[in-house]
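# Remarks on the overall topology
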Amino acid sequence: MEFNKRVKDVSQVFDSQWNVNHDYQERKNFQDARKEHFNRMFQIQEKEEHKKEILRANSVDGKVQTLTEKMQAANANERFARRNEFKNNFR
């Protein structure tokens, strides 16, 4: 018959404490997951992505695309105003 000891061996206690205090990979994973959650929640981009977006917006293609979007928005607004004007003439 084998007796169970209530007190752990010193080496087991030391090893368990060492693993708790020196588990850098798990701590790093936790911090990375927390940072990713925070960035998604507040829609924060990484610096590299933000720089690429700024470079794209300041390039010739980006400026042409922005101008095209503004022209389409103005055209849609003008069509909407003409449609309302046409409807209002029948009152």
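A brief structural summary. (Residues numbered from 1 in each chain as written. Predicted model: local features only at pLDDT ≥ 70, side-chain atom pairs only at ≥ 80, totals over all residues. Heavy atoms only, no water.)

### Looking at the side chain of N39
The line we're drawing: Numbering goes from the N terminus for both helices and strands, where a helix is a DSSP run of H or I of at least four residues and a strand is a run of E of at least two. The rule is simple: take the accessible area with a 1.4 Å probe, protein chains only, and divide by the maximum for that residue type; under 20% is buried, over 50% is exposed, in between is partly exposed. Should any heavy atoms of two residues lie within 4.5 Å, those residues are counted as being in contact.
Note that N39 resides in helix α2 (residues 24–42). Residue class for N39 comes out buried when judged on its relative accessible area of 13%. Leave out the neighbours within four places in its chain, and N39 touches I44 and E46.

### Structural notes on the pattern of salt bridges
Any two side chains of opposite charge can pair if their charged atoms end up close together. Stated precisely, the cut-off is as follows: Salt bridge, as applied in this entry: a Lys or Arg side-chain nitrogen positioned within 4 Å of an Asp or Glu carboxyl oxygen.
Per the counting criterion, the structure on display carries one salt bridge. Between D32 and K28 there is a salt bridge, with its nearest N and O atoms 3.0 Å apart. Note that D32 and K28 are positioned in helix α2 at a spacing of four residues, about one turn of the helix. D32 sits in the partly exposed class, given a relative accessible area of 38%.

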